[in-house]
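As a plain string of letters, each chain reads:
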Amino acid sequence: MIAQGLLKEPFKDSDENHNEMMELALARIRQLGAHEVGHTLGFAHNFAASTNDRASVMDYPHPRLELVEGEIRFEDAYDAGMGAWMI
Ligand SMILES: [Zn+2]
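Residues numbered from 1 in each chain as written. Predicted model: local features only at pLDDT ≥ 70, side-chain atom pairs only at ≥ 80, totals over all residues. Heavy atoms only, no water.

### Regarding the layout of surface pockets
Next up, step 1: As a volume, the second largest pocket reaches approximately 180 Å³.
Next up, step 2: Every residue lining the second largest pocket is counted, 17 residues in all, and those nearest its centre are Gln31, Ser50, Arg54, Pro61 and Asp79.
Next up, step 3: For the lining of the second largest pocket, a count of residues per class yields 7 nonpolar, 6 polar and 4 charged. (1 Å grid on protein atoms, 1.4 Å probe; cavity = no way out; pocket = protein on both sides within 12 Å on 5 of 7 lines; lining within 4 Å. Points joined across faces, edges and corners; volume = space filled by probe spheres on them. Nonpolar A, V, L, I, M, F, W, Y, C, P; charged D, E, K, R; others polar.)

What follows is the structure, given as structure tokens:
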């Protein structure tokens, strides 16, 4: 829903024009899955990682969007991996 709200006319040409939204959703789900596994392992929230080079999946990551020639880009919306911060 975040991506649908931010994309310019996501279904303008067809209902198959959803790859950007799908990639954003899958990246977010990967982050959430890793975050919840972190809790299972005993890691607490890190409330500073998002502003420190995405140092931990244990923050509440928000999508990092880029505005290019009037269009919102999602390619770097979520980081991959756990991050360097583990304690
Ligand atoms: Zn949490």
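### Quick word on the environment of Phe47
Next up, step 1: By the secondary structure assignment, Phe47 is in the loop between helix H2 (19-40) and strand S1 (66-68).
Next up, step 2: Along the chain, Phe47 and Pro61 lie 14 residues apart, while their C-alpha atoms are 9.4 Å from each other.
Next up, step 3: Beyond its immediate chain neighbours, meaning those up to four positions away, Phe47 contacts Asp59 and Tyr60. (Helix = DSSP H or I, 4+ residues; strand = E, 2+ residues; numbered from the N terminus. Contact = heavy atoms within 4.5 Å.)

### A word on the coordination of the zinc ion
Next up, step 1: Protein ligation of the zinc ion involves His35 (NE2), His39 (NE2) and His45 (NE2), the donor distances falling in the range 2.0 Å.
Next up, step 2: Counting the intervening residues between successive donors of the zinc ion yields the motif H-x3-H-x5-H. One end of the pair, His35, and the other, His39, are both in helix H2, 4 residues apart, so they sit about a helical turn from each other.
Next up, step 3: Looking at His35, the relative accessible area reads 5%, which means it is buried. (Donors = N, O, S within 2.8 Å, 3.2 Å for Na, K, Ca; no water. Buried < 20%, exposed > 50% of the residue type's maximum accessible area, 1.4 Å probe, protein only.)

### Quick word on the environment of Met21
Next up, step 1: Along the chain, Met21 turns up in helix H2.
Next up, step 2: Here the alpha-carbon distance between Met21 and Phe74, two residues 53 residues apart in the chain, equals 8.4 Å.

### Some thoughts on the side chain of Asp59
Next up, step 1: In this fold, Asp59 is placed in the loop between H2 and S1.
Next up, step 2: Despite being buried, Asp59 has no salt bridge partner; Arg54 is the closest side chain of opposite charge, sitting 9.6 Å away.
Next up, step 3: At 3.2 Å, the side chain of Asp59 and the backbone nitrogen of Ala49 are in polar contact.
Next up, step 4: There is a polar contact of 2.6 Å between the side chain of Asp59 and the backbone nitrogen of Ser50. (Lys, Arg positive; Asp, Glu negative; His and termini not counted. Salt bridge = Lys/Arg side-chain N within 4 Å of Asp/Glu carboxyl O. Polar contact = N/O pair within 3.5 Å; in protein donor to acceptor, adjacent residues only side chain to side chain.)

### Here's the deal with unusual backbone geometry
Next up, step 1: The phi dihedral of Arg54 is positive, around 50°, even though this residue is not glycine.
Next up, step 2: Looking at the secondary structure, you find Arg54 in the loop between H2 and S1.
Next up, step 3: Judged by relative accessible area, which is 14%, Arg54 ranks as buried.
Next up, step 4: Residue Glu69 is not a glycine yet carries a positive backbone phi of 50°.
Next up, step 5: For Glu69, a relative accessible area of 80% gives the class exposed.

### Considerations on the pattern of salt bridges
For side chains of opposite charge, pairing can occur when their charged atoms come near one another.
Next up, step 1: Scanning the model with the defined rule gives 3 salt bridges in all.
Next up, step 2: In this structure, Arg54 engages Asp76 in a salt bridge whose closest nitrogen and oxygen atoms are separated by 3.4 Å. You can see Arg54 sitting in the loop between H2 and S1 and its partner Asp76 sitting in the segment after strand S2 (71-73), a full 22 residues away along the chain.
Next up, step 3: When the shortest N-O distance is used, the salt bridge between Arg64 and Asp76 registers 4.0 Å. Of this pair, Arg64 sits in the loop between H2 and S1 while Asp76 sits in the segment after S2, and the two are 12 residues apart along the sequence.
Next up, step 4: Among the residues examined, Arg64 registers a relative accessible area of 37% and is labelled partly exposed.
Next up, step 5: Taking relative accessible area as the criterion, Asp76 reaches 40% and is therefore assigned partly exposed.

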